[in-house]
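Descriptive structure summary
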Amino acid sequence: MTYAITQNCCNDATCVAVCPVNCIHPTPEERAFGSTEMLHIDPRACIDCGACADACPVDAIFPVDSLSAGQREYADINAAYYEGEEPLPVGDEVDGPNFHVWGEPAFERSLPSDFGPLRVAVVGTGPAGMYAAQDLLLHTAAEVTLIDRLPVAGGLVRYGVAPDHPATKKVGDTFSRFHSHPRVRMHLGIEVGRDVTAEELSAHHDAVIYAVGASTDKRLGVPGEELPGCLSATAFVAWYNAHPEAVAQGVDLSAERVVVVGNGNVALDVARILVADPEALAATDIAAHALDALRASRVREVVVLGRRGPEDAAYTRSELLALKHVPGVELVVDDHDPRTAAAIGAAGAGDRAAVLKGLARVRTGAASPTDGERRIVLRFHSEVVEIQGGGGGVRSVRVTDGGGAGTVDLGAGLLLRAIGYRGLPVPGLPFDEASGTVPHDGGRVAGLPGSYVVGWIKRGPSGGIGANRTCAAETVGTLLADAVAGELPAPKGDAKAFRRLARQRNRRVVDARGLAAIDRAERDRGRRDGRPRVKLATVEELVATARSGRLLRLTR
């Protein structure tokens, strides 16, 4: 029996580090690492030890024999990656006590033995920031200050991962163990530029790492985009994930058809949530207000628009495969353009477009269907020309049809644009308007000694959760090299001085005890409703719960 990596693969390569026979590829040392959608286990070399499954932070690795019907294809995907390649020598083929030939060891995090502990601030508690904090805490004696503008930690894991992907959210458990680390100080609810300046952060720390992500979205630039009912996927995801800055009752689901513009994983996420069985979502941590709205929803069809063909779609093959197995939801392809059928027919076994073979073909028109099960329609070679209004909101979406030869109006009451994210300037840091990132060299902010970036604000909105691990390793490596070279400015204030400053500027700062109180309260609410947790959805609720829980512990 062998193991296989499935849909939830986060690409952080934790499994690679524990595999005794080097059967998981590509590794971080290989050129293909970061360019493949997922990692793969070589079934010819796997020895069925299960170490990778134990180490996987997102529960993506299972014995092939235990895969469900909807997951069986992943065994073939893993095996197909190694077709035509010679297996690495293992076992008796290796002249030595190890299972396979190991490369030369590298000690990239070594510091002089007499080097004092650094004090590093990490701005942002999503995956990028927490991978950086983890690297510092595990490999150095650094003291880490965690800062977030929201009064709760988690970032993308808490507010960006779809609620029906609970395994992906488990990476948050890996990060949360560092929240109460003895060398960590937490200041949640502090915003750089509002409560403290970048200069003040630097004055109290040896170095500052900014992991603020890409928090806004790109625009379509078409007439009607400002109409009510035309939203960003960012806002919609925030709404169903109980982000405290999302409007609790701000999404109208009274129309039978929704148009989603974009062909990435986020587009598939929002399409799937819109037509999924609300009772299945009731077993997740979806926002209570979103669950109520989805239960009352009239949405029966979601049309996902792609400007290019199925061979160029940005979503991963694994997410598309999963979309074929959503209970009660039919996945179909719009064949309005002959290029779509041609691309699917010509697709090789390992191509994304091959997943679409065998799906029903339809033609979407002005009206949505009135019978049958709920469905998701993938419509390629189609661009939005205009969003038309009526009745105080979106009435229809005019899109190109038939290779751009004409247009067709798709009746819809909601349009969600999922065409990419964009970073915002951080007050006090340089900013490249063209790329939406902070200019840097290996993570070192240009012209600001002691300041660093990691994640999407560093490299742009590309790569999933696990990609941040390698990104953070580069940034932390640059920071430590600067420290050894004596290039970090000496801080003027200490940790206590920064704590006083933070609380003077914002009396509602949440610390590690407050965060633990929030976690307990949400889990308690979830147990009452038979759910993993029920999230507190406003800043006021989060801060009040953090305070009451902390005071209760202090009085015991």
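Owing to the predicted nature of the structure, the values given are computational and were not obtained by experimental measurement.

For the coordinates displayed, the defined rule picks out five aromatic pairs. On the numbers, 5.0 Å between centres and 85° between planes, the contact of Tyr-131 with Phe-175 is edge-to-face. Here Phe-175 lies in helix α7 (residues 171-176) and Tyr-131 lies in helix α4 (residues 127-139), a separation of 44 residues in the sequence. Taking relative accessible area as the criterion, Phe-175 reaches 4% and is therefore assigned buried.

For the structure shown, the criterion picks out 36 salt bridges. Between Arg-339 and Asp-337 there is a salt bridge, with its nearest N and O atoms 2.9 Å apart. On the basis of relative accessibility, which here comes to 44%, the residue Arg-339 falls in the partly exposed class. Ionic pairing is found between Glu-522 and Arg-533, a salt bridge with its closest N-O pair at 2.7 Å. Taken together, the positions of Glu-522 in helix α18 (residues 512-529) and Arg-533 in the loop between α18 and α19 (539-555) put the pair 11 residues apart, joining distant regions of the chain. Considered together, Glu-522 and Arg-533 belong to a single accessibility category, that of buried residues. Each of Arg-158, Asp-519, Glu-522, Arg-523 and Arg-533 takes part in one network of salt bridges that share partners.

Here the amide bond leading from His-25 into Pro-26 is cis, since omega sits at -5°, within 30 degrees of zero. Even without a glycine there, the phi angle at Ala-13 is positive, about 70°. By the element assignment, Ala-13 lies in the loop between β1 (3-5) and α1 (14-18). You will see that Asp-48, though not glycine, has its phi angle at about 65°, which is positive. Within the fold, Asp-48 resides in the loop between β3 (40-41) and α2 (51-55).

Another point: the sheet that holds strand β16 (residues 384-390). Strand order in the open sheet formed by three strands is β16-β17-β18, with antiparallel pairing between adjacent strands. Two strands close off the open sheet at either side, each with one partner strand: β16 and β18 (406-411). On average, adjacent strands in this sheet sit at an angle of 25° to one another, irrespective of strand direction. Summarising the sheet, β16 and strand β17 (residues 393-401) pair through six bridges and their orientation is antiparallel. Of the residues in β17, the one forming a bridge with Gly-389 is Val-394.

With respect to topology, seven strands assemble into an open sheet ordered β10-β19-β11-β12-β15-β13-β14, the strand pairing being parallel. Of all the strands in the sheet, just β10 (230-232) and β14 (361-362) have a single pairing partner and so form its edges. Where strand β11 (residues 257-261) lies against strand β19 (residues 414-417), four bridges are found, and the strand directions are parallel. Within β19, the position partnered with Val-258 by the bridge is Leu-414. Lying on the sheet, helix α9 (residues 233-240) is in contact with β10 and β19; it crosses β10 at an angle near 75°. Here helix α10 (residues 265-275) sits on the sheet in contact with β11, β12 (301-305), β13 (329-334), β15 (374-379) and β19, set at roughly 155° to β15.

Rules and cut-offs
Residues numbered from 1 in each chain as written. Predicted model: local features only at pLDDT ≥ 70, side-chain atom pairs only at ≥ 80, totals over all residues. Heavy atoms only, no water. Phe/Tyr/Trp six-rings, centres within 6.5 Å; stacked < 30°, edge-to-face > 60°. Helix = DSSP H or I, 4+ residues; strand = E, 2+ residues; numbered from the N terminus. Buried < 20%, exposed > 50% of the residue type's maximum accessible area, 1.4 Å probe, protein only. Salt bridge = Lys/Arg side-chain N within 4 Å of Asp/Glu carboxyl O. Pairing = 2+ DSSP bridges. Axes fitted to C-alpha atoms, helices over the stretch in contact; angles between N-to-C directions. Contact = heavy atoms within 4.5 Å.

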